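Summary of the model geometry
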Amino acid sequence: MSVLSAMMGGVAPLPDTMQPILGRDRELALLADLLGLAGEPRSRSVLLVGDAGVGKTRLLRELVARADGAGWQTLVGHCLDFGDSALPYLPFSELFGRLAGDRPETIAELTADRPVLSHLMPGRRLISGTTAGAAENLERSDLFDAIHGAFDDLSEERPVLVVIEDVHWADRSTRDLLSFLFARAFRGPVVVLASYRTDDLHRRHPLRATAAQWLRVPGVHRVQVDPLTDPDVRRLVRSLLPGPLSESDLHTIVSRAEGNAFFAEELVSATEGAHGAGLPEDLADLLLVRLDRLEDDGRAVVRAAACAGRRVSHPLLAAVVGLPDDVLEASLRAAAEQNILVRLGTDSYAFRHALLAEAVYDDLLPGERVRLHAAYAEAIGSGRVDGTAAELARHARLAHDPLTAVRASVEAGNEAMSVGGPDEAARHFETALELVADPRVASDLDPVDLAVKAADALIASGHPERALKLGRAQLAHLPADGSDQHRARLLMSLATGTLTLDNFGDPLELTTQALELVPDEPTVLRAQLLSLHARAHLWHGSDEDAAQQAMEALALAQKLDLPSLVADVTTTLAGIDDRAGDTETAQRVLAGIIEQAHRDGDTHAELRSRYLLAGLHHERGNLVAAKAAYHDGYVLARRIGRPWAPYGFEARLMEALVGYETGDWDDALELTMVGGQSPPPIAEAMLLGIRVLICVGRGDPASGRLLEQLRPLWPLDGLVGISGAGAEIEWYGGQRDVPAMIATFERAVQVVGLAWSEGFQARIRLTALVLGHLADAAAEAPHGERTDLVEHAPALLAGVDRVMQRVRRRKRPFGPEGVAWLERTHAEHLRLRWLADVDPPEADELVVAWERTVVAFEQMGHPFEVARSQARLAGVLRAVGQNAEARTLSDQARATARALGAQPVLDALGAEPRARETRGDSTLTARETEILGLVAQGRSNAEIARQLFISAKTVSVHVSNILAKLGAGGRTEAAAIGRRDGLLPQ
């Protein structure tokens, strides 16, 4: 059935609302106020306007739904694009037809009073229907009066909302009828709302003048629907595509959609389907309809403009199209009137929407595209029109002029690096490298030099894994008799990238090979290699070898007068001093390097030194100073345009981590947000790891989804695995899913151990978390299962011993963080044995262990873990009868948890027994009923005391009272009586 037939049959349904409306609170509130939905209904005339696809229809559906909910009568009609075959009053036939289908008795009354309305009924307008004959021609005034009167009659019962959509397609008669309704008042509350596309109103569009007249009518209100904000488009995309989607892919969709909801939905569909990154065919066809409205010259100008991209200057476009000035100007004016192009500044034009430029470009014939790009390249390359190296490189490449393209690409890459654009630089250098690889391109450029430049740019843009892939490919293609210097440079580039990654090779092996290829002569390359070799030794933990290589590199750098390299080597030496325990010297040296590098404008040296100085503060437990120093490093990285570069991104990451530790959780969450930033995959995973720690700590219901998203990313970096495992252990532990928790721990040891070693220090923290949740599970488990929980402890503690063996070999002792988690591990192990009643420790030993743990975390400055440790200590103190001290600690922990929003801690603290009614004998108190339940499970007095955090003596008193009240001769009989009397579940 055709759309017209469906419409005339009165069955044109409103589309279902599948997605929540996003970002339209302002427009909805304004429309609701104009109608008086929340108060006294009003008569209004409203024009709802905006570009195609911006969300007018979705907004109207929501408004109609709210009006229906408020008891209004809603009548909706649509204008359709029938071209020259428009049917007069089509939307009014639709709305009256739907009214006839829904309320036939109402339409019968209306047509009885106003017979002329029957001529609008859909069935009368079909060929098969009864139509007015020549002698029955209607007077327009009669029809207009009848429609107006019908709305008035309807409003006597309830307020009426009349919605006419897509008036840009309306026929002349419909426009005239709307003019009549806008100008004539109603007796009752009637709102007539018409919507149309502003981008369709070209200069000669028939609605353009009419809409201007409507706005001069008193009581007509115009509501503009602007493009959605980027955050709202992001929410829309997430709702349409709830599965895992990288921030980079999400950013691409958001930027291409430019606030248009329909475009966003189409791009999401393309992402899910087989379209890839291209423009969906249906969307392209829709956009290209506008091009058909132009004359031949206008279409040629728009096609030429599309080859330039989103924006083009007038001089450049004029040079390419070669049209006479008057013809060009007329064509540009026509394109602007059709809302295809818009004017920018004094001499440039841009496509109204980037996707329109894509659609026009994709529609070009191959030969036409090459010819236009060649014209652009010639205009820029000859100097006739000013342009950038990036523009020249693109046009030359697409015009199949590789020699010009490769030279321009290198120039564009150099220029991009100089202004803090490593992402763009990497693309230009990679393009140049690809072009020179073609043997048909007779270029004198050095492929190794290009490869090193591309790798440096990739590392600076946060993509070291891509740099390694590129470098390895280039190394593999070197001829066997190739230059040793070339091979050494590539090996050095690979080592630089490897130092920033886990699981991607051994940098020391690479630097060792490179040094064997470089003569022992005072050259810049050897000095750079020695500096990198020292860092590779440090990466391996070989401090003495690192110091020896660094001193040699420093002497050579000073001899060759390389101040930047001197600063870099000195920074390495400061790190060696710190590892040797001379933290004061390291801190003083780094502060001096920062000051000098800042004066010299050596941003790399300043950035690395700031990061290492922050690390010294962090290791020593000075978290306030560490957070400030990390912040300064990240600010510097952003200022120089390298937010994802080594040391710059890590500064941001560590600032977020320190914020988590210090309890500045909202700040940390802000730092981990990557919306609109298009982060590299590894960086995004690292930030997500910090974010999920906070979400789990707050008991956020979204934590499960985030953990699922993070889990496959653990192998990207050891820190991702540690953060993800820590959060997952907490998540499963809180659910008492011990097998899943143990599996998470074992996977963490495997994944992180592969990246670092099985003796990684964070293993102590993960062990403490596991032991803590095992203890919680033991407090609730039946007696027969508690031994199984304790049996996990020996293997867990053996892993901690392996870590401590490595730590003892270091000259530098544990910092406050390591001390705190080591104390926590010991205390949780004691608590596990105590609650499981397996070789339980003495109460005094348990109290001392938890007191030491609380103090250790206080010294570290980690309020969340202080609160959790205080809660544990409070339970132990309560069990040994120190109720006042326990209450004080619980209150302190509760206050911290409330400030952090740490709901799981609050839930644990609030799990103390509360007075409640029993289902049976009222002579038992709430506490006695609870203890009776544990007695029925076969728990001993000591076990009950540990679970309820009261003393065994107190339990004994309660049990005696229970036996006396129930008249039971023993514990077994008391349990039986409790079940019989309904005090316990059967």
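Rules of the game
Residues numbered from 1 in each chain as written. Predicted model: local features only at pLDDT ≥ 70, side-chain atom pairs only at ≥ 80, totals over all residues. Heavy atoms only, no water. Helix = DSSP H or I, 4+ residues; strand = E, 2+ residues; numbered from the N terminus. Buried < 20%, exposed > 50% of the residue type's maximum accessible area, 1.4 Å probe, protein only. Phe/Tyr/Trp six-rings, centres within 6.5 Å; stacked < 30°, edge-to-face > 60°. Lys NZ or Arg CZ within 6 Å of the ring centre and 35° of its normal. Pairing = 2+ DSSP bridges. Axes fitted to C-alpha atoms, helices over the stretch in contact; angles between N-to-C directions. pLDDT = per-residue confidence, 0-100. Contact = heavy atoms within 4.5 Å. Core = buried A, V, L, I, M, F, W, Y, C linked by side-chain atoms within 4.5 Å. 1 Å grid on protein atoms, 1.4 Å probe; cavity = no way out; pocket = protein on both sides within 12 Å on 5 of 7 lines; lining within 4 Å. Points joined across faces, edges and corners; volume = space filled by probe spheres on them. Nonpolar A, V, L, I, M, F, W, Y, C, P; charged D, E, K, R; others polar. Salt bridge = Lys/Arg side-chain N within 4 Å of Asp/Glu carboxyl O. Parallel < 35°, antiparallel > 145°, perpendicular 65-115°, else oblique. Left-handed = near helix turned anticlockwise from the far one by under 90°.

This paragraph deals with unusual backbone geometry. Unlike most non-glycine residues, H400 shows phi in positive territory, near 65°. With respect to the element layout, H400 can be found in the loop between α19 (389-398) and α20 (402-418). On the accessibility criterion, H400 (62% relative accessible area) is exposed. Of note, the phi angle at D837 is positive, near 55°, even though the residue is not glycine.

Any pair of aromatic rings gets described here by the distance separating the centres and the angle formed by the planes. Applying the stated criterion to the full structure yields 10 aromatic pairs. Taken together, Y89, F144 and F180 form an aromatic cluster joined through their ring pairs. Taking the ring centre of W714 as reference, the NZ or CZ of R747 above it sits at 4.3 Å.

So, about the sheet that holds strand β6 (residues 311-313). Spatial ordering of the open sheet is given by β6-β8-β7, a layout of 3 strands whose pairing is antiparallel. A single partner strand is all that each edge strand has here, and the edge strands are β6 and β7 (341-344). With strand direction ignored, the average angle separating the axes of adjacent strands in the sheet is 30°. Bridge count for β6 against strand β8 (residues 348-351) is 3 bridges, and the pairing is antiparallel. By the bridge assignment, R311 is partnered in β8 with A350.

Attention now moves to the confidence of the model for the chain. Of all residues in the chain, 92% attain a pLDDT of 70 or more, and the chain-wide mean is 86. Element-level pLDDT for the chain is lowest in helix α1 (residues 3-8), with a mean of 42, against a maximum mean of 96 in helix α32 (residues 648-662). Within the model, pLDDT remains below 50 along residues 1-18, and this stretch shows 34 contacts once partners closer than five positions in the same chain are excluded.

All right, on to the sheet that holds strand β5 (residues 220-224) then. What the 5 strands build is an open sheet, ordered β2-β3-β4-β1-β5; its pairing is parallel. Edge positions in the sheet fall to β2 (73-78) and β5, since each of these pairs with one other strand and no more. On average, adjacent strands in this sheet sit at an angle of 20° to one another, irrespective of strand direction. Where strand β1 (residues 44-50) meets β5, 5 bridges bridge the pair, whose relative direction is parallel. Within β5, the residue paired with V49 across the bridge is Q224. This element, helix α4 (residues 90-102), spans β2 and β3 (160-165) of the sheet and lies at about 140° to β2.

With 219 residues, the main nonpolar core has I340, F351, Y376 and L774 as its most contacted residues. Not counting the four nearest positions on each side in its chain, L774 is found in contact with V738, M741, L789, H792, L796 and L832.

Quantified by volume, the second largest pocket comes out at close to 1,100 Å³. In this structure, the second largest pocket is lined by 28 residues; those nearest its centre are D456, T496, Q528, H604 and R642. With 5 residues, the top contributor of residues to the lining of the second largest pocket is helix α26 (residues 524-540). Of the residues contributing to the lining of the second largest pocket, the split by class is 14 nonpolar, 8 polar and 6 charged.

With that settled, the discussion passes to the pattern of salt bridges. All chains considered together, the criterion is met by 38 salt bridges. A salt bridge links R66 to E62, with the shortest nitrogen-to-oxygen separation between them at 3.3 Å. On the criterion of helical spacing, the pair formed by R66 and E62 is a turn pair, its members being 4 residues apart in helix α3 (residues 56-69). Of the residues examined, R66 reaches a relative accessible area of 41% and is grouped as partly exposed. Across the pair D776 and R831 runs a salt bridge, and its minimum N-O distance is 3.0 Å. In this pair, D776 is assigned in helix α38 (residues 762-780) and R831 in helix α41 (residues 816-836), connecting sequence segments 55 residues apart. Judged by its relative accessible area of 3%, R831 is buried. Where salt bridges share partners, they join E730, D776, R824, E828, R831, E865, R868 and R872 into one cluster.

The subject of this paragraph is the packing of helix α29 (residues 583-600) against helix α30 (residues 603-619). Interaxial distance between α29 and α30 falls to 9 Å at its minimum, and their mutual angle equals 150°. On the basis of the axis angle, α29 is roughly antiparallel to α30. At the point where α29 passes α30, the crossing takes the left-handed sense. On α30, the residues that touch T583, A586, Q587, L590, I593, I594, A597 and H598 of α29 are A605, E606, S609, R610, L612, L613, L616 and H617.

The next thing to look at is the packing of α19 against α20. Pairs of packed helices are described in terms of their axes, by the angle between the two and the distance that separates them. Two elements in contact, α19 and α20, have axes separated by 8 Å at closest approach and are oriented at 155°. Here α19 is positioned roughly antiparallel relative to α20, judged by the angle of their axes. Judged by the sense of rotation from one axis to the other, the crossing of α19 with α20 is left-handed. Along its contact with α19, which presents A389, A390, L392, A393, A396 and R397, the element α20 presents T404, A405, A408, S409, E411 and A412. Grouping the constituent residues of the contact of α19 with α20 by class yields 8 nonpolar, 2 polar and 2 charged.

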